[in-house]
Amino acid sequence: MESLELIVVVSVGVLAMGWLSRRTGVSEPLLLLGAGCLVGLTPAFDSFALSPDVVLFLFLPALLYWEALTSSVREIRNNLRSIALQSTGLVLATAVAVAAVAHALGYGWPIAFVLGAVLAPTDAAAVAAVAKAMPRRILTVLRTESLLNDGTALVLLAVTVEVVTDEHPFTWSGTAVAFVESYAGGILIGVAVALLLVPVRRRLPEPLLHSVLSVATPFLAYLPAELLHVSGVLAVVVCGLVTAWFGPRVIGSEARVQAIAFWEVASHLLNSALFILVGIQLPAAVRALTSVSLLRATVAALAVTVAVFGTRLLWFYSVPYLVRLLDRRPQQRDRRITAPQRLPLAWAGMRGAISLAAALTVPTVTAEGQAVGQRDAVVFITTVVIVLTLALLGPTLPTVVRRARFPEDEDKTAELALARDRLSRAALHALPELARRFRVPEADTVRMTRDIEDSTAPAPGTARHQENLRRLRLALLQVKRDTLTDLRDTGRIDDIVLRAVQEVLDVEEVRLGRGVRPSASAASSEDTP
């Protein structure tokens, strides 16, 4: 019954706070956090404890997979150095800074490093919820950083927890090997799962089954990685990126429209639910605090919040300039941004439910059966830092983005124009041959040519005549799809542009009444009997 009550409360909270946010303009994550705190103060939820397994094994794979599916492979490749530095170097720097502050406030080094590992990563759900107004390059860097830094932080957390619980002594070589094994294993599993599912997707007969496979895919990648003790985060992210690359060729339009609609609803619900669950956990974290006084823990939480934000701010105003001194290539100079435009990158350092789940995974006892000291303080500080970063950084990020004065993304506009022009040219080039194959009269071919050029509607006709026109339109859509995918494959357009144009093609294809298999080229269409 308690689980059912929680589901109802979360669902109602997501609906109510979403409506209130749109009516008032107040940040939705902030309202969700506040609603969660109010729920956590009620007697029915005074003993609520967020299960880390629910976050790490249910929420995390699904959210990471959707974020990876909607990322740009080209932009990730072009900004790989920045992403790698932020998802590894910045994570380690933040962990060290937080540990140093915690140790200065009286916490032992082992538990201080646990706290550092817990708070080191930004949260993909939190960043996705508030960073939508940024240019695609900056947004891609932030989203990919938040996807990958979870993997780095969870490996670091596993190492520090082993030290705290006296299971294994700390060694630099052992830690380095753990990182390499975790990263390499996660990448290999992600690629393997995605490639193994490509032929499966080609052979699935119904869009509904495609949607079922889409839901199962992140867990099919995450589970083997966790069983092999490598990075499930990287496995899911890489699987999503590889699937996004092959998707236009192996997923039909009806299945894609159906899956996108599901993931948009599911990701919003999961993101919003996490904010509410974090809010509910705050009163419980206060009540569970016994090892230190509430005042001392609050001071520590404030100091750690400053360390988290300060480290990120210092990183973005130091490391990029050091990289500039080492890399003077002209193409790198063209990609540089101004100092004001770096501030949104530093500002988007929100922490979220992943950090809370990581804190809750810290064992309560050591290998020898002794209680892990100050674990309750780690959970409390983590919860407060999450609330503060979401409450202070999230609502103000849009203002910071506006003041950065990012230039308009002219490349995206040009790529959209290029994609539409090339698709129309390809369709017009293929139209005469396809019209002959489907035995469409010349008058209708001329009309369809005009329709492609200026979007005029085709004239009605007999049922057989309309069926031939429908098949011709579907074949032309396939020509457009092939051209669109080739433009993406050769780097002429970006994945984001591909998806924008692809959405239009999908809607048109579904309107015509049948999703064409991407693997079936226009040349393989049957003639009218």
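Residues numbered from 1 in each chain as written. Predicted model: local features only at pLDDT ≥ 70, side-chain atom pairs only at ≥ 80, totals over all residues. Heavy atoms only, no water.

Asks: I keep staring at the overall build of the protein and nothing clicks. Help me out?
Replies: Each helix and strand in the protein was counted, giving 22 helices and zero strands. Seen along its three principal axes, the alpha-carbon backbone of the protein occupies a region of about 85 × 60 × 45 Å. A burial count over the protein gives 53% of its 529 residues as buried. In the protein, once contacts between residues fewer than 6 apart in sequence are set aside, the share between residues at least 24 apart is 82%. (Helix = DSSP H or I, 4+ residues; strand = E, 2+ residues; numbered from the N terminus. Buried < 20%, exposed > 50% of the residue type's maximum accessible area, 1.4 Å probe, protein only. Contact = heavy atoms within 4.5 Å.)

Asks: Please explain helix α14 (residues 319-326) as it appears in this structure.
Replies: The α-helix winds at 3.6 residues per turn, so residues separated by three or four positions along the chain end up facing the same way. For α14, the set of buried residues is V319, P320 and V323. Taken around the axis of α14, the buried residues stretch over an arc of 100°, which confines them to a single face. Exposed and facing more than 90 degrees away from the buried side of α14 are L322 and L325. (Arc of directions from axis to C-beta.)

Asks: For this particular structure, what's the right way to read the confidence of the model for the protein?
Replies: Fine structural detail should not be taken from predicted coordinates in areas where pLDDT scores are low. For the protein, the average pLDDT comes to 86, and 91% of its residues sit at 70 or higher. Considering each helix and strand of the protein separately, the mean pLDDT is smallest for helix α7 (residues 124-130), with a value of 69, and largest for helix α13 (residues 294-316), with 96. Scored below 50 in pLDDT, residues 455-459 makes twelve contacts in the model with residues more than four places away or belonging to other chains. Confidence drops under pLDDT 50 across residues 515-529; counting only partners more than four residues distant or on other chains, this segment forms 43 contacts. (pLDDT = per-residue confidence, 0-100.)

Asks: How do you make sense of the pattern of salt bridges when you look at a structure like this?
Replies: Note that side chains of opposite charge can pair when their charged atoms are close. Using the criterion set out here, one finds 18 salt bridges in the structure. For the salt bridge of E75 with R74, the shortest nitrogen-to-oxygen distance reads 3.5 Å. For E75, a relative accessible area of 7% corresponds to the buried category. For R74, a relative accessible area of 12% translates into the label buried. Residues joined in a network through salt bridges with shared partners are R74, E75, R136, E415 and D494. (Salt bridge = Lys/Arg side-chain N within 4 Å of Asp/Glu carboxyl O.)

Asks: Whenever I open this one, unusual backbone geometry confuses me. Can you help?
Replies: Trans peptide bonds make up most of the peptide bonds, and negative phi angles are found at most residues other than glycine. In this structure, H229 takes a positive phi of about 60° despite not being glycine. As for its position among the elements, H229 is in the loop between α10 (207-227) and α11 (232-250). With phi around 65°, Q374 is a residue other than glycine that occupies positive phi space. Structurally, Q374 is set in the loop between α17 (353-360) and α18 (375-404).

Asks: What should I look at first to understand the packing of aromatic side chains in this one?
Replies: The way to describe two aromatic rings as a pair is by their centre distance and the angle between their planes. Enumeration according to the criterion identifies six aromatic pairs in this entry. Between Y65 and W263, the ring centres sit 5.8 Å apart and the planes meet at 55°, which makes this aromatic pair tilted. Residue Y65 is found in helix α3 (residues 52-69), and its partner W263 is found in helix α12 (residues 253-287); the two are separated by 198 residues along the sequence. W263 carries the same exposure label as Y65, and that label is buried. Between F262 and W263 the ring centres are 5.4 Å apart and the planes differ by 70°, which places this aromatic pair in the edge-to-face class. Classification of F262 by relative accessible area gives partly exposed; the value is 39%. W263 gets classed as buried once you look at its relative accessible area, which sits at 3%. Members of the aromatic cluster, joined through ring pairs, are Y65, W66, F262 and W263. The aromatic ring of Y107 is capped on one face by R296, whose charged end is 5.8 Å from the ring centroid. The lysine or arginine in question, R488, covers the ring of W245, its NZ or CZ lying 3.7 Å from the ring centre. (Phe/Tyr/Trp six-rings, centres within 6.5 Å; stacked < 30°, edge-to-face > 60°. Lys NZ or Arg CZ within 6 Å of the ring centre and 35° of its normal.)

Asks: Please explain the environment of M17 as it appears in this structure.
Replies: Summarising the element assignment, M17 is placed in helix α1 (residues 2-24). A relative accessible area of 16% places M17 in the buried class. Between the C-alpha atoms of M17 and F48, which are 31 residues apart in sequence, the distance is 21 Å.

Asks: Is there a simple way to think about a nonpolar patch on the surface in this case?
Replies: A contiguous nonpolar patch, built from L4, V8 and V12 and spanning about 270 Å² of accessible area, is present on the exposed surface. Within the element layout of this structure, L4 appears in helix α1. Judged by its relative accessible area of 52%, L4 falls in the exposed class. (Patch = residues over 30% accessible without salt bridge, like charges linked within 9 Å, V, L, I, M, F, W, Y side chains within 5 Å. Areas by Shrake-Rupley, 256 points an atom, 1.4 Å probe, with all protein chains shown as cover.)

Asks: Teacher, can you tell me more about the environment of A194 here?
Replies: Mapped onto the elements, A194 comes out in helix α9 (residues 172-203). Sequence separation of A194 and G240 is 46 residues, and the distance between their C-alpha atoms is 7.5 Å. A194 has contacts with C239, V242 and T243, leaving out every residue within four places of it along the chain.

Asks: Looking at this model, I keep getting lost on the packing of helix α6 (residues 109-119) against α18. Mind explaining?
Replies: To describe two helices that pack against each other, one gives the angle between their axes and the distance between the axes. The N-to-C vectors of α6 and α18 enclose an angle of 30°; their axes lie 10 Å apart at closest approach. Here α6 is positioned roughly parallel relative to α18, judged by the angle of their axes. Like other packed secondary-structure pairs, α6 and α18 cross with a definite hand, here right-handed. The residues of α18 that touch α6, namely those facing I111, L115, V118 and L119, are V378, I381, T382 and V385. Considered class by class, the residues forming the contact of α6 with α18 number seven nonpolar, one polar and no charged. (Axes fitted to C-alpha atoms, helices over the stretch in contact; angles between N-to-C directions. Parallel < 35°, antiparallel > 145°, perpendicular 65-115°, else oblique. Left-handed = near helix turned anticlockwise from the far one by under 90°. Nonpolar A, V, L, I, M, F, W, Y, C, P; charged D, E, K, R; others polar.)

Asks: Whenever I open this one, the packing of α3 against helix α8 (residues 136-164) confuses me. Can you help?
Replies: Interhelical geometry of α3 versus α8 gives an angle of 145° and a closest axis separation of 10 Å. The interaxial crossing formed by α3 with α8 has left-handed handedness. Contact with α3, carried on its side by L60, L64, E67 and A68, involves R143, L147 and D150 of α8 and no other residues of that element. Tallied by class, residues from the contact of α3 with α8 come to four nonpolar, no polar and three charged.

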